[in-house]
Number of protein chains: 2
Amino acid sequence: MRPAITAFESSPDQGRGLARDMRVRWALEEVGQAYDVRLVSFSAMKEPAHRRLHPFGQIPTYEEGDLALFESGAIILHIAEHHVGLLPDDANARMRAIAWMFAALNTVEPPIVEREQVSYLERDKTWYEARLPLLDNRVRNRLDDLSIRLGDGEWLDNGFSAGDLMMVMVLRRLEGKGILEDYPNLSTYMARGQARPAYKRAFDDQLAVFASKPTGA
Amino acid sequence: MRPAITAFESSPDQGRGLARDMRVRWALEEVGQAYDVRLVSFSAMKEPAHRRLHPFGQIPTYEEGDLALFESGAIILHIAEHHVGLLPDDANARMRAIAWMFAALNTVEPPIVEREQVSYLERDKTWYEARLPLLDNRVRNRLDDLSIRLGDGEWLDNGFSAGDLMMVMVLRRLEGKGILEDYPNLSTYMARGQARPAYKRAFDDQLAVFASKPTGA
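### Points about the overall build of chain A
Right, so step 1: Counting its regular elements, chain A contains 8 helices and 4 strands.
Right, so step 2: Starting at the N terminus, the α and β elements of chain A follow one another as β-α-β-α-β-β-α-α-α-α-α-α.
Right, so step 3: For 217 residues, the compact-globule estimate of 2.2 N^0.38 gives 17 Å, and chain A sits close to it at 17 Å.
Right, so step 4: Each principal axis of the C-alpha distribution contributes one length, and for chain A these read about 50 × 45 × 30 Å.
Right, so step 5: With 217 residues in all, chain A has 43% of them scored as buried.
Right, so step 6: At a minimum sequence separation of 6, the contacts of chain A that also span at least 24 residues come to 73%.

### Here we look at helix 7 (residues 184-194) of chain B
Residues and elements named next belong to chain B.
Right, so step 1: Three or more residues of helix 7 are buried, namely Leu186, Tyr189, Met190 and Gly193. End-on view of helix 7: buried residues confined to an arc of 95°, all on one side of the axis. Helix 7 presents Pro184 and Ala191 as exposed residues on the side facing more than 90 degrees away from its buried surface.

### Some points on the interface of chain B and chain A
Right, so step 1: Each partner contributes residues to the interface: chain B has 32 residues there, and chain A has 32 residues.
Right, so step 2: Those elements that place two or more of their residues in the side of chain B that touches chain A are strand 4 (67-70), helix 3 (72-82), helix 4 (91-121) and helix 5 (128-150) of chain B.
Right, so step 3: The residue makeup of the side of chain B that touches chain A, split by class, is 19 nonpolar, 6 polar and 7 charged.

### Examining the relation of the copies chain B and chain A
Right, so step 1: Each copy of the sequence occupies a distinct position, and chain B is placed on chain A by a rotation of 180° and an axial shift of 0.0 Å, giving an RMSD of 0.0 Å. Both chain copies can therefore be described as sitting about a two-fold axis.

### Quick look at the domain arrangement of chain A
All names here are of chain A.
Right, so step 1: Under the domain assignment used here, chain A contains domain 1 (4-85 + 198-211) and domain 2 (91-196).
Right, so step 2: Measuring from the centre of the C-alpha atoms in domain 1 to the corresponding centre in domain 2 gives 21 Å.
Right, so step 3: At the junction of the two partners, domain 1 supplies 11 residues and domain 2 supplies 12 residues.
Right, so step 4: Breaking the side of domain 1 that touches domain 2 down by element, the ones donating at least two residues are helix 1 (21-31), helix 3 (72-82) and helix 8 (197-211).
Right, so step 5: Grouping the amino acids of the side of domain 1 that touches domain 2 by side-chain chemistry returns 9 nonpolar, 1 polar and 1 charged.

### A closer look at helix 1 of chain A
Residues and elements named next belong to chain A.
Right, so step 1: With respect to burial, helix 1 is a largely interior element, 10 of its 11 residues being buried.
Right, so step 2: Listed as buried for helix 1 are Asp21, Met22, Arg23, Val24, Arg25, Trp26, Ala27, Leu28, Glu29 and Glu30.
Right, so step 3: In the core, the buried residues of helix 1 are packed alongside strand 1 (4-8), strand 3 (61-64), helix 3, helix 6 (162-172) and helix 8.
Right, so step 4: Positive backbone phi, approximately 75°, marks glycine 32, located one or two places after helix 1.

### What to know about the environment of glycine 193 of chain A
Residues and elements named next belong to chain A.
Right, so step 1: Mapped onto the secondary structure, glycine 193 falls in helix 7 (residues 184-194).
Right, so step 2: Sequence separation of glycine 193 and glutamate 154 is 39 residues, and the distance between their C-alpha atoms is 9.7 Å.
Right, so step 3: Excluding residues that lie within four positions of it along the chain, glycine 193 makes contacts with Asp164, Leu165, Val168 and Tyr199.

### Quick look at the sheet that holds strand 3 (residues 61-64) of chain B
The pairing of strands in a sheet comes from backbone hydrogen bonds and takes either a parallel or an antiparallel form.
Residues and elements named next belong to chain B.
Right, so step 1: In spatial order, the strands read 2-1-3-4; together these 4 strands make up an open sheet with mixed pairing. The open sheet has two edge strands with one neighbour each: strand 2 (36-40) and strand 4. Adjacent strand axes in the sheet meet at a mean angle of 25°, parallel and antiparallel pairs treated alike.
Right, so step 2: In the sheet, strand 1 (residues 4-8) pairs with strand 3 via 2 bridges, with the strands oriented antiparallel.

### Considering the sheet that holds strand 2 (residues 36-40) of chain A
Residues and elements named next belong to chain A.
Right, so step 1: The strand order across the open sheet formed by 4 strands is 2-1-3-4, and the pairing between neighbours is mixed. Either end of the sheet is taken by a strand with one partner, and the two such strands are strand 2 and strand 4 (67-70). Here the average twist between neighbouring strands, direction ignored, is 25°.
Right, so step 2: Inspection of the sheet shows strand 1 paired to strand 2 by 5 bridges, in the parallel sense. Residue pairing in the sheet places alanine 4 in a bridge with aspartate 36 of strand 2.

### Some details on the environment of proline 55 of chain A
Right, so step 1: Locating proline 55 of chain A in the fold gives a position in the loop between helix 2 (48-53) and strand 3.
Right, so step 2: Not counting residues up to four positions away in its chain, the partners in contact with proline 55 of chain A are Phe70 of chain A together with Asp145, Leu146 and Arg149 of chain B.

### A closer look at the packing of helix 6 of chain A against helix 7 of chain A
Residue and element names in this part refer to chain A.
Right, so step 1: Where helix 6 contacts helix 7, the two axes come as close as 9 Å, and the packing angle between them is 115°. Relative to helix 7, the element helix 6 lies roughly perpendicular. Between helix 6 and helix 7 lies a crossing of left-handed hand. Taking contact as the criterion, the partners of Asp164, Leu165, Val168, Leu171 and Arg172 in helix 6 are, on helix 7, Leu186, Met190, Gly193 and Gln194.

Rules used in this analysis
Residues numbered from 1 in each chain as written. Chains lettered and ligands numbered in written order. Predicted model: local features only at pLDDT ≥ 70, side-chain atom pairs only at ≥ 80, totals over all residues. Helix = DSSP H or I, 4+ residues; strand = E, 2+ residues; numbered from the N terminus. Rg over C-alpha atoms; globule rule 2.2 N^0.38 Å. Buried ≥ 20, exposed ≤ 12 C-beta atoms within 10 Å, placed from the backbone. Contact = placed C-beta atoms within 7 Å. Arc of directions from axis to C-beta. Nonpolar A, V, L, I, M, F, W, Y, C, P; charged D, E, K, R; others polar. Least-squares fit on C-alpha atoms with pLDDT ≥ 70 in both. Domains from an automatic or database assignment. Pairing = 2+ DSSP bridges. Axes fitted to C-alpha atoms, helices over the stretch in contact; angles between N-to-C directions. Parallel < 35°, antiparallel > 145°, perpendicular 65-115°, else oblique. Left-handed = near helix turned anticlockwise from the far one by under 90°.

Set out below in structure tokens:
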């Protein structure tokens, strides 16, 4: 059964691969599962047909036979449970890898998204510049801890896992912000993820969508 | 093997049960698993001994034999996988319940935590009052969608699951903010969760910790 995912019809980031379909594409490439992509416009995402798949009107979604899923974390966990390559065999190591998925999404990503969102939503406000150091500090608090835990390790918990996939994608949202550069081991870790052949295939595939629609939405 | 979790030695919320150990306690009560609780102080949480269990120096943690976990989402998923009562038997329904766990933690909770955090961190700033409506709107955007999806359903996807447990706990963080009251079906949903005997046992147990230490930290 060949699964189908949804992705943005027009890239908010000009094909930089920061949208969340990239996470799912990368997971599917890691396990060697072919998939279809259905592109949705920003307006179609908010229509009832798409909301039946995704209650919050976002991408990605995942359809496979009778199963319809939303939330990239759940989709990647589903893929990881049905294929070899994203979670360790050992039961305890498997749960630790899943803990890193949750840590990426619920502990590390929120302050990063917050910093990103205010740059869209509050750039014209009088307080925008004054708040940036506060937001940066909240990101740095998380990176300080993450950097200490990673140390000189290659991945967060021995071999590469879905936890690393998610964490690398979360860290990518900091590109160009001048923060990650202060954490050499995290920068190297991110680059290590991006150097994986599966990452590159996924990245090229999402870029190809936008290369054919260069004007954006 | 009786698991052990960690919780705050002194309650930041005076025993209102908003700390994340409450989520894990509730899950353990739902499945009828006895557990031990180790209380940690705010300073001990940041020490190396605790950081070995939790890289970000938070609670809860979960220890069971050789397994040590952090992140309430991962801990509850682990409990759900090893006991009956928190995830449906049907494979697709099981994954949808897990998707609601991720949705609670990564889509609904971040704007709620953000609104809460600024009330601690930025209350003395000149922009504090002016930003509150922006923060409320971001919370309301999520609740609008969640309320539509829930409709007149009892739980998010047929029977009660770990996804509901997590969503109810996330919604509880809005208590007293004057927002949830505008969503009668979500208010009823939250109350339905809190009326479960397992919830009540968990709540009473976390309250008992603080009833014996009324002065806070």
